[in-house]
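Observations on the three-dimensional arrangement
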Amino acid sequence: GQQLNQSPQSMFIQEGEDVSMNCTSSSIFNTWLWYKQDPGEGPVLLIALYKAGELTSNGRLTAQFGITRKDSFLNISASIPSDVGIYFCAGQLVGTYKYIFGTGTRLKVLA
Amino acid sequence: DGGITQSPKYLFRKEGQNVTLSCEQNLNHDAMYWYRQDPGQGLRLIYYSQIVNDFQKGDIAEGYSVSREKKESFPLTVTSAQKNPTAFYLCAVGHRALSGANVLTFGAGSRLTVL
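This one's a predicted model, so the numbers in the text were calculated from it and none came from an experiment.

The next subject is the pairing of strand β5 (residues 44–49) of chain A. Residues and elements named next belong to chain A. As defined by bridge partners, strand β4 (residues 29–37) adjoins β5 across five bridges and the pair is classed as antiparallel. Note that in β5 the partner of W34 across the bridge is I47. The turn linking β4 back onto β5 is made up of six residues, and G40 within it adopts a positive phi angle of 75°.

Set out below in structure tokens:
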């Protein structure tokens, strides 16, 4: 099936640093979603994008929908310890109700 | 969360047994989804339903079955034919957000362990 390539797989950063992660695919999407998941819980939506080239912020989070509709990035500024978790990207395939997920970026913040 | 209830949270089953995971929503949305998550991996689509009495297979439907008799409910049965059923199962509701984007809202998940 279709795949989303998400990178990096994991990262350790110091508190206060900025973080960047991205997702790419060979498929075209009409929506990109970014989620955060804590252990043993369901993913929580952070940002939703549905226009090519769209740049959206949610507090310290910023995400962009690539102009080709095949990629997206998420930036976290001035990271804090509670940013620890797994971040997933997801794309809704054009013309379908199917959402494909990336493999996740595991973030650890060192105080 | 936010009107999506998955139960049970933890479930143990013996090999060869069928088990049904419940997903109930009071958000009045039509679309519902089941995903499977294995350690260190992303979410893989099992089944989805856009409307009552209709559902479609996802990428890994073998060994699973669903029903959609009511708008509020989308139960998932893990059958004995599923070779590796131990996993974290997530139910989601699809809807249009205020921004206009189509989004998924997830329940808290059910962890199934086969002994």
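Attention now goes to the interface of chain A and chain B. The interface is formed by 20 residues belonging to chain A together with 23 residues belonging to chain B. Taking both partners together, chain A and chain B bury about 1,800 Å²; carbon and sulfur atoms supply 56% of that area. At the level of secondary structure, the elements contributing two or more residues to the side of chain A that touches chain B comprise β4, β5, β9 (85–93) and β10 (99–101) of chain A. Of all the elements, β4 of chain A adds the most residues to the side of chain A that touches chain B, at four residues. Of the residues that constitute the side of chain A that touches chain B, the class distribution is eleven nonpolar, seven polar and two charged.

Attention now goes to the pattern of salt bridges. Proximity of charged atoms lets side chains of opposite charge pair with each other. Residues and elements named next belong to chain B. Evaluated as defined, the whole model comprises six salt bridges over all chains. D30 serves as the salt-bridge partner of K71, at 3.6 Å between the closest nitrogen and oxygen. One end of the pair, K71, is in the loop between β7 (64–66) and β8 (76–78); the other, D30, is in the loop between β3 (19–25) and β4 (31–37), and 41 residues separate them in sequence. Put simply, R36 and D38 hold a salt bridge, and the shortest N to O gap is 3.0 Å. A single salt-bridge network, built from bridges that share partners, covers R36, D38 and R44.

Residues and elements named next belong to chain B. Here the structure, examined in full by the defined rule, presents two disulfides over all chains. Shown here is the disulfide that connects C23 with C91, its sulfur atoms set 1.9 Å apart. Handedness of the C23-C91 disulfide follows from its S-S torsion of about -75°: it is left-handed. With C23 in strand β3 and C91 in strand β9 (residues 87–96), this residue pair connects regions lying 68 residues apart in the sequence. Among the residues examined, C91 registers a relative accessible area of 0% and is labelled buried.

What follows deals with the sheet that holds strand β1 (residues 4–7) of chain B. Residues and elements named next belong to chain B. Pairing is antiparallel across the open sheet formed by four strands, whose spatial order is β1-β3-β8-β7. For this open sheet the edge positions go to β1 and β7, each flanked by a neighbour on one side alone. The sheet shows a mean angle of 20° between the axes of neighbouring strands, direction not considered. Pairing of β7 with β8, which is carried by three bridges, proceeds in the antiparallel orientation. Considered in β8, the bridge of Y64 is made with V78.

Before going further, it helps to spend a moment on the environment of Q92 of chain A. As for its position among the elements, Q92 of chain A is in strand β9. Sequence separation of Q92 of chain A and S27 of chain A is 65 residues, and the distance between their C-alpha atoms is 9.9 Å. If we ignore the near neighbours within four places in the chain, the residues touching Q92 of chain A are I28, F29, N30, T31, Y97, K98 and Y99 of chain A together with N102 of chain B. Polar contacts involving the side chain of Q92 of chain A include one to the main-chain carbonyl oxygen of T96 of chain A, which spans 3.1 Å.

All names here are of chain A. Across the sheet, which stays open at both edges, the five strands sit in the order β1-β3-β8-β7-β6 with antiparallel pairing between neighbours. With one partner strand each, in any of the chains shown, β1 (5–7) and β6 (55–58) form the two edges of the open sheet. Across the sheet, the mean angle from the axis of one strand to that of its neighbour is 15°, orientation sign disregarded. Two strands pair when backbone bridges link them, and β1 and strand β3 (residues 19–24) are joined in this way by three bridges, in the antiparallel orientation. In the strand pairing of β3, Q6 is matched with C23.

What counts and what doesn't
- Residues numbered from 1 in each chain as written.
- Chains lettered and ligands numbered in written order.
- Predicted model: local features only at pLDDT ≥ 70, side-chain atom pairs only at ≥ 80, totals over all residues.
- Heavy atoms only, no water.
- Pairing = 2+ DSSP bridges.
- Helix = DSSP H or I, 4+ residues; strand = E, 2+ residues; numbered from the N terminus.
- Contact = heavy atoms within 4.5 Å.
- Buried area = accessible area lost by both parts, 1.4 Å probe.
- Nonpolar A, V, L, I, M, F, W, Y, C, P; charged D, E, K, R; others polar.
- Salt bridge = Lys/Arg side-chain N within 4 Å of Asp/Glu carboxyl O.
- Disulfide = S-S within 2.5 Å.
- Buried < 20%, exposed > 50% of the residue type's maximum accessible area, 1.4 Å probe, protein only.
- Axes fitted to C-alpha atoms, helices over the stretch in contact; angles between N-to-C directions.
- Polar contact = N/O pair within 3.5 Å; in protein donor to acceptor, adjacent residues only side chain to side chain.

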